[in-house]
Amino acid sequence: MNLFQIGTFTSHAGKELHWKIECDALTDEDWECLAKMISERTQFGKVYGIPRGGVKLEKALEKYANPKSSVRLVVDDVWTTGKSMMEAMNPGDLGYVIFARERIIFDSNKYVRALFTMDML
């Protein structure tokens, strides 16, 4: 299975895509490394992974939770439209994704960051 795939796909939000990032291709070791990268960039007390794409990341991040922090970290694998993240996040939560297919637009109460962003001009 390839991480990057060409074809016709439908996003969670119903958007037609002509390529996708298939994070099922990532190994457990990949998830552990990605979690370590995120843990070095933010502090959080709890972590919630968006079903289906964020669950492996949630599990890998749990060991980095700081019980002194009140921040809930909401995670997912790929940001396409942001619909699933915005639905899952509460005001004050911090969001993190591995890949952002485009620049992340967020509202004033919901802030999302990406490890890797495929920005468009």
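Residues numbered from 1 in each chain as written. Predicted model: local features only at pLDDT ≥ 70, side-chain atom pairs only at ≥ 80, totals over all residues. Heavy atoms only, no water.

J.: I keep staring at the layout of surface pockets and nothing clicks. Help me out?
T.: Empty space among the atoms can be located by rolling a probe the size of a water molecule over them. There is about 680 Å³ of room inside the largest pocket. As for the largest pocket, its lining consists of 28 residues, of which H12, G53, D76, D77 and V78 are closest to the centre. Elements supplying a minimum of two residues to the lining of the largest pocket: β1 (4–10), β2 (16–21), β4 (72–79) and α3 (83–88). Considering only residue class, the lining of the largest pocket consists of eleven nonpolar, eight polar and nine charged. (1 Å grid on protein atoms, 1.4 Å probe; cavity = no way out; pocket = protein on both sides within 12 Å on 5 of 7 lines; lining within 4 Å. Points joined across faces, edges and corners; volume = space filled by probe spheres on them. Helix = DSSP H or I, 4+ residues; strand = E, 2+ residues; numbered from the N terminus. Nonpolar A, V, L, I, M, F, W, Y, C, P; charged D, E, K, R; others polar.)

J.: Explain the environment of I21 to me, please; I cannot follow it from the model alone.
T.: Examined against the element boundaries, I21 turns out to sit in strand β2. Each C-alpha atom, one on I21 and one on A100, is 10.0 Å from the other, the two residues being 79 residues apart in sequence. Leaving out residues up to four positions away in the same chain, I21 has contacts with L3, F4, V78, F99, R101 and M118. (Contact = heavy atoms within 4.5 Å.)

J.: Sorry if this is basic, but what is going on with the nonpolar core here?
T.: Most often, soluble globular proteins have nonpolar side chains that are buried together. By size, the foremost hydrophobic cluster in this structure holds 20 residues, and its most contacted members are W31, I38, L57, L61, L73 and I98. Of all the secondary-structure elements, those providing two or more residues to this core are α1 (28–39), α2 (55–61), β4 and β5 (94–100). Residues contacting W31, with those up to four places away along its chain left out, are C23, L26, G53, K56, L57, A60, D77 and I98. (Core = buried A, V, L, I, M, F, W, Y, C linked by side-chain atoms within 4.5 Å. Buried < 20%, exposed > 50% of the residue type's maximum accessible area, 1.4 Å probe, protein only.)

J.: How should the sheet that holds strand β3 (residues 46–49) be read in this particular structure?
T.: Through backbone hydrogen bonds, the strands of a sheet pair up, either in parallel or in antiparallel fashion. Spatial ordering of the open sheet is given by β3-β4-β5-β6, a layout of four strands whose pairing is parallel. A strand with exactly one partner marks an edge of an open sheet, and here the two such strands are β3 and β6 (111–117). Taking each pair of neighbouring strands and ignoring which way they run, the sheet shows an average axis angle of 25°. Examined bridge by bridge, β3 and β4 share four bridges and lie parallel to one another. Bridge pairing in β4 links K46 to R72. Packed onto the sheet, α1 meets β4, β5 and β6 and runs at close to 125° relative to β6. (Pairing = 2+ DSSP bridges. Axes fitted to C-alpha atoms, helices over the stretch in contact; angles between N-to-C directions.)

J.: Honestly, the pairing of β4 in this entry has me stumped. Any pointers?
T.: A regular strand places its side chains on the two faces of the sheet in alternate fashion. For β4, a buried count of seven out of eight residues is recorded, marking the element as mostly surrounded by other parts of the structure. As a crossover connection, the stretch from β3 through α2 into β4 is left-handed. Strand direction decides the pairing type here: β4 and β5, joined by six bridges, are parallel. Bridging from a neighbouring strand, L73 pairs with L94 of β5. This β-α-β element, β4 to α3 to β5, shows right-handed connectivity. (Right-handed = clockwise from strand over helix to strand, strands pointing away.)

J.: Could you clarify how one ought to interpret the side chain of D77 in this entry?
T.: Its place among the elements puts D77 in strand β4. Excluding its chain neighbours within four sequence positions, the residues that come into contact with D77 are C23, W31, G53, G54, V97, I98 and F99.

J.: Quick question: what am I supposed to make of the packing of aromatic side chains here?
T.: Aromatic ring pairs are defined here through the distance separating the ring centres and the angle between the ring planes. Scanning the model with the defined rule gives two aromatic pairs in all. Taking the centre distance of 6.1 Å and the plane angle of 75° together, the rings of F4 and F99 count as edge-to-face. One end of the pair, F4, is in strand β1; the other, F99, is in strand β5, and 95 residues separate them in sequence. By relative accessible area, which is 11% here, F99 ends up buried. When the ring centre of W19 is taken as origin, the NZ or CZ atom of R101, which lies over that ring, is 3.6 Å away. (Phe/Tyr/Trp six-rings, centres within 6.5 Å; stacked < 30°, edge-to-face > 60°. Lys NZ or Arg CZ within 6 Å of the ring centre and 35° of its normal.)

Interpretation note: all reported values are geometric properties and have no functional meaning in isolation.
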